[in-house]
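# Descriptive structure summary
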Amino acid sequence: MHLLDPISFSFPLLATATQAADSSMVVEAVLLSLVVIYLASKVGGELSNQVGLPPVLGELVGGVIVGVSVFHLLVFPEGGTDSSNSLIVSFLQMTAGLTPEATPAVFAAQSEVISVLAELGVIVLLFEIGLESNLKDLMAVGIQATVVAVVGVAVPFAAGTVGLMTLFGIDAVPAIFAGAALTATSIGMTSKVLSELGRLNSKEGQIILGAAVIDDVLGIIVLAVVASLAKDGVVDVSKVIYLIISATGFILGAILLGNVFNKSFVAIADQLKTRGGLVIPALIFAFAMAYLAAVIHLEAILGAFAAGLVLEETDKRKELQTQVFPIADILVPIFFVTVGAKTDLGVLNPAIPDNREGLIMATFLITVAIIGKVITGLSVFGQPGINRLAIGVGMIPRGEVGLVFAGVGAASGALSKPLGAAIIMMVILTTFLAPPLLRFVFPDDSQIGDADSEQLVLDGSSATSLLIEPPQSRVSPSNDSGNLEVTPESSDR
């Protein structure tokens, strides 16, 4: 019996890229890339956390610094960069004996491996978000939050898409993608600031947090639709309708499946006695759902999110979350750093005349991103004396969900370099601006209530309550009450 030759054996993802590449050199290039990625993510995340911003924003900025915009440590061929621009490849030539002839193949294979790991990272991220969300409870947080969420998705999406097409002559698909990136809201940043202001348990805080959670669910459905459109490069109305119906049906089907599947999943997990007896079956289910979503022309991330929603309803949810977090800690930073590394902020340099349109485009997106969320406060009705401006401002930060849009758009090829960079700038600036703006719209004498309050009941039109445990929140439904909790978020994400 002959053993497989480790040099000639390769995975399908490397089938073309490694034909002329030494496998050991590819592994060494990937290892160096991961060293750079993890250093950038951890240093950036820690610095961002220390100044009161989401760590994920630091991971993104860290990626920008090590990527094509600054140091060229982590570069990718799809951006028009070749192996001569990669410092990692140059380091391999100096230290590992990589020959000039083999360099292009090694560079291509290394880039492909990192890109695949990044895509796995975003799939795990959406699976994790699904585990922390309960759609049935989200639908019950109150009509006010639902209206604010719908307006907060529809207005910036329509304004951004139409504006890009009419003012800048952007084609329909990339304009739709950019408009979709404007729909997200970061619940982590907003809840942290509201807690610091003592307004977490205010009527405004209730509506903001409920709407932000629903925003994320709607945003993921929108992302699945526009990412599927990007594959064809054209907008077909019948296909758009099909995608919206299938994406919505996929999520609703996941909820129905959860009522049947959760007990079976727990029974299977209880029978497994070896390591990974819970998390491995969960990942099998998540990846199978992601594959199913891809097969029916949706995005794999929607399938992963739906899998998280299903398993959220099991009795093993908290234990499963604990086991998924380390996997996310390994893979998710690869996604965010890669998004930053692929972003060429040089295309927004105003000193170069050809770049000025991109800079104007970024300014337009930032303006729409802010105004499109601020006016959501006007949709609140039947609440005399409520601070509508504060509600709108609280919806401004885009955070990690906006970065998911940018990353998926760049990977699909739907976004040009200037438009992709403009979206990244929009995400960064809205996240930076939200804390000072929230402090401004809430006057000093309004800082009432206990910022360290252990619990908050949302009294929307539904009888279902929303329990929020203090600051830096992570959304998760409580096991014992079935209510939705926003619990302290890990400092890593």
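Everything below is about the structure printed above this text.
Let me sum up the structure you'll find in this document. Keep in mind that this is a model prediction, so the values were computed, not measured.

### A closer look at the overall build of the chain
Assigned secondary structure in the chain consists of 17 helices and three strands. Within the chain, the proportion of its 493 residues that are buried is 56%. Pairs at least 24 apart in sequence give 74% of the contacts found in the chain among residues at least 6 apart. Approximately 20,400 Å² of the chain is accessible, and the part contributed by carbon and sulfur atoms is 66%.

### Section: the layout of surface pockets
Approximately 990 Å³ is the volume attributed to the largest pocket. Contributing elements (two or more residues each) for the lining of the largest pocket: α4 (103–131), α9 (203–232), α11 (279–295), α12 (300–312), α13 (317–342), α16 (399–412) and α17 (417–441). Residue contributions to the lining of the largest pocket peak at eight residues, all from α4. Of the residues in the lining of the largest pocket, the class split is 26 nonpolar, nine polar and eight charged.

### Examining the packing of α11 against α12
Look at α11 against α12: their axes get within 7 Å of each other, and the N-to-C directions meet at 140 degrees. When the interaxial angle is binned, α11 and α12 end up oblique. For the element pair α11 and α12, the recorded crossing hand is right-handed. Two secondary-structure elements touch here, α11 through Ala282, Phe285, Ala286, Met289, Ala290 and Ala293 and α12 through Ala300, Gly303, Ala304, Ala306, Ala307, Val310 and Leu311.

### Details of the environment of threonine 314
Within the secondary structure, threonine 314 sits in the loop between α12 and α13. Overall, threonine 314 belongs to the buried group, its relative accessible area being 2%. At 2.8 Å, the side chain of threonine 314 and the backbone oxygen of leucine 311 are in polar contact.

### Some details on the nonpolar core
Note on soluble globular proteins: their nonpolar side chains tend to be buried together. In this structure, Leu126, Phe127 and Leu164 are the most contacted members of the largest nonpolar core, which totals 108 residues. With twelve residues, α4 is the largest single contributor of residues to this core. When near neighbours in sequence (up to four residues on either side) are disregarded, leucine 126 contacts Ile220, Ile301, Ala304, Phe305 and Val404. With 21 residues, the next largest nonpolar core counts Ile207, Ile386, Ile391 and Leu438 among its residues.

### Points about helix α2 (residues 55–66)
Its twelve residues give α2 an end-to-end C-alpha distance of 17 Å, which sits within 8% of 16 Å, the value for a rise of 1.5 Å per residue. Across the twelve residues that make up α2, a large majority, ten, are buried.

### Quick notes on the environment of lysine 42
Counting through the fold element by element, lysine 42 comes out in helix α1 (residues 23–50). Looking at lysine 42, the relative accessible area reads 40%, which means it is partly exposed.

### Describing a nonpolar patch on the surface
Nonpolar side chains collect at one region of the surface, where Val35, Leu39, Val43 and Leu47 lie side by side and expose about 380 Å² of accessible area between them. Relative to the helices and strands, valine 43 resides in helix α1.

### Quick word on α1
Compared with an ideal rise of 1.5 Å per residue, which puts 28 residues at 40 Å, α1 spans 41 Å between its outermost C-alpha atoms and is within 8% of the ideal. Of the residues one or two after α1, glycine 52 is the one with positive phi, at around 80 degrees.

Rules used throughout
- Residue positions are given per chain, counting from 1 as you read along its sequence in written order.
- Reporting in this predicted model follows two pLDDT cut-offs: at least 70 for local features of residues, and 80 or more for side-chain atom pairs to be given and counted; totals over whole chains, interfaces and linings ignore these cut-offs and use all residues.
- Hydrogens and waters are ignored; side-chain quantities use all the structure's heavy atoms.
- To qualify as a helix, a DSSP run of H or I must reach at least 4 residues; to qualify as a strand, a run of E must reach at least 2; elements of each kind are numbered from the N terminus.
- To sort residues, take the accessible area from a 1.4 Å probe on protein chains only and compare it with the maximum for the residue type: under 20% means buried, over 50% means exposed, and anything in between is partly exposed.
- By definition in these notes, contact holds between two residues if any of their heavy atoms fall within 4.5 Å.
- For every accessible area listed, the method is Shrake-Rupley and the probe measures 1.4 Å; residues are considered covered only by the protein chains on display.
- Cavity and pocket criteria rest on a 1 Å grid covering protein atoms alone: a 1.4 Å probe that fits but cannot get out defines a cavity, protein on both sides within 12 Å along at least 5 of 7 lines defines an open pocket, and an atom within 4 Å of a point defines a lining residue.
- Grid points are joined across faces, edges and corners, and a volume is the space filled by probe spheres set on the points.
- Only Asp, Glu, Lys and Arg are considered charged in this grouping, and only Ala, Val, Leu, Ile, Met, Phe, Trp, Tyr, Cys and Pro are considered nonpolar; every other residue, Gly among them, is considered polar.
- Every axis corresponds to a line fitted to the C-alpha atoms, with the helix fit spanning only the stretch in contact, and the corresponding angles, defined between N-to-C directions, vary from 0 to 180 degrees.
- Here is the rule for angles: anything less than 35 degrees is roughly parallel, anything more than 145 is roughly antiparallel, 65 through 115 is roughly perpendicular, and the remaining ranges are oblique.
- Crossing chirality is assigned from the near helix's rotation relative to the far helix, an anticlockwise turn below a right angle marking it left-handed and a clockwise turn marking it right-handed.
- Under the rule applied, a polar contact is a pair of N or O atoms within 3.5 Å (in protein, one hydrogen donor and one hydrogen acceptor; residues adjacent in sequence only if both atoms are side-chain atoms).
- Nonpolar cores were defined as sets of buried Ala, Val, Leu, Ile, Met, Phe, Trp, Tyr and Cys residues, with membership established by side-chain atoms within 4.5 Å.
- One less than the residue count of a helix, multiplied by 1.5 Å, gives the span that helix is expected to have.
- Grouping into patches uses exposed residues only, defined as over 30% relative accessible area, and leaves out salt-bridged ones; the cut-off is 9 Å for like charges and 5 Å for nonpolar side chains (Val, Leu, Ile, Met, Phe, Trp, Tyr).
- In what follows, salt bridge is the name for a side-chain nitrogen of Lys or Arg lying within 4 Å of a carboxyl oxygen of Asp or Glu.

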